Amino acid sequence: MRRVSVVGNSGSGKSTLAAALAGRLGVPWLELDSVFHMAGWTPRPPEEFRAEVDAFTAGDGWVVDGNYSAVRDLVWSRADTVVWIDLPRPVVMRRLLLRTLRRMATGAELWNGNRESFRFLLDKDESIIRFAWNQHAVLRERYRRAAADPANAHLDFVRVASRADAERLTRADKN
């Protein structure tokens with residue numbers, strides 16, 4: 001495991017696990033949200049987004065976290081492992097709600113000056129909570145199918161279905 005894509009629902013712990021894996025492996029880590037979301041939550045133009053991800057994944061070792069279909073072909077064609085975080089919906093929703101409320105209350109900066117806002121909490125078009133609820137089953141099916149797809153036979157899919165699974169993965173021997 002040297003080139004790792006970490007995927008899963010919003011709030012599932014992708015960034016936390018990706019950072020821990022990168023540290024364990026001694027490789028750089030890229031959070032795709034930090035590249036995609038420019039100031040004011042403006043999406044980076046697709047060609048720029050792809051160019052940044054292309055340059056990052058050209059290295060010998062790395063960890064990338066995020067579900068962006070716009071760059072999945074780049075990431076997965078170079079990855080050797082996909083870590084799929086597949087926690088139960090209630091766990092993800094509890095984590096996401098607590099994380100979102102904490103970020104809103106503290107005004108924590110996420111990427112490029114962006115912050116989560118109370119006005120987006122329940123907005124039908126902007127709510128990360130609504131998005132994660134609606135995407136849970138979609139993402140579970142997407143990655144279940146991807147793991148079984150012969151086109152991805154070059155990838156080792158590691159399903160993380162519990163906190164214990166994540167801890168085992170980040171504690172595993174580096175060899």
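Since the structure is predicted, the reported quantities are computational estimates derived from the model, not experimental observations.

Peer 1: What's the story with the sheet that holds strand E6 (residues 81–85) in this structure? I'm lost.
Peer 2: Strand pairing in a sheet is mediated by backbone hydrogen bonds. Such pairs are either parallel or antiparallel. In space, the five strands of this open sheet follow the order E2-E5-E1-E6-E7, with parallel pairing throughout. Because the sheet does not close on itself, it has two edges, and the strands there are strand E2 (29–31) and strand E7 (156–160). The sheet shows a mean angle of 15 degrees between the axes of neighbouring strands, taken without regard to direction. Judged from the three bridges that link them, E2 and strand E5 (residues 62–65) form a sheet pairing that is parallel. When the bridges of E5 are listed, Glu31 appears paired with Asp65.

Peer 1: Can you walk me through the pattern of salt bridges in this structure?
Peer 2: Side chains that differ in charge, positive against negative, can pair when their charged atoms come close. This structure, assessed with the given rule, holds ten salt bridges. A salt bridge links Asp54 to Arg78; the shortest N-O distance between them is 2.6 Å. Of this pair, Asp54 sits in helix H3 (residues 46–56) while Arg78 sits in helix H4 (residues 69–78), placing them 24 residues apart in sequence. Arg78 gets classed as partly exposed once you look at its relative accessible area, which sits at 27%.

Peer 1: I would appreciate a short explanation of helix H1 (residues 14–25) in the present structure.
Peer 2: Each α-helix winds once per 3.6 residues, and so residues spaced three or four apart point in a common direction. Here H1 spans 16 Å end to end across twelve residues, near enough to the 16 Å set by a 1.5 Å rise per residue. Every buried residue belonging to H1 is among Lys14, Leu17, Ala18, Leu21, Ala22, Arg24 and Leu25, and all of these are buried. Along the axis of H1, the buried residues cluster in a sector spanning 160 degrees; they form a single face. Turned more than 90 degrees from where H1 packs its buried face, Thr16 and Gly23 sit exposed. On its buried side, H1 packs onto strand E1 (3–8), E2, E5, E6, E7 and helix H7 (163–171). Where H1 terminates, the next one or two residues include Gly26, which has phi positive at roughly 70 degrees.

Definitions and limits used
Residues numbered from 1 in each chain as written. Predicted model: local features only at pLDDT ≥ 70, side-chain atom pairs only at ≥ 80, totals over all residues. Heavy atoms only, no water. Pairing = 2+ DSSP bridges. Helix = DSSP H or I, 4+ residues; strand = E, 2+ residues; numbered from the N terminus. Axes fitted to C-alpha atoms, helices over the stretch in contact; angles between N-to-C directions. Salt bridge = Lys/Arg side-chain N within 4 Å of Asp/Glu carboxyl O. Buried < 20%, exposed > 50% of the residue type's maximum accessible area, 1.4 Å probe, protein only. Expected span 1.5 Å × (residues − 1). Arc of directions from axis to C-beta. Contact = heavy atoms within 4.5 Å.

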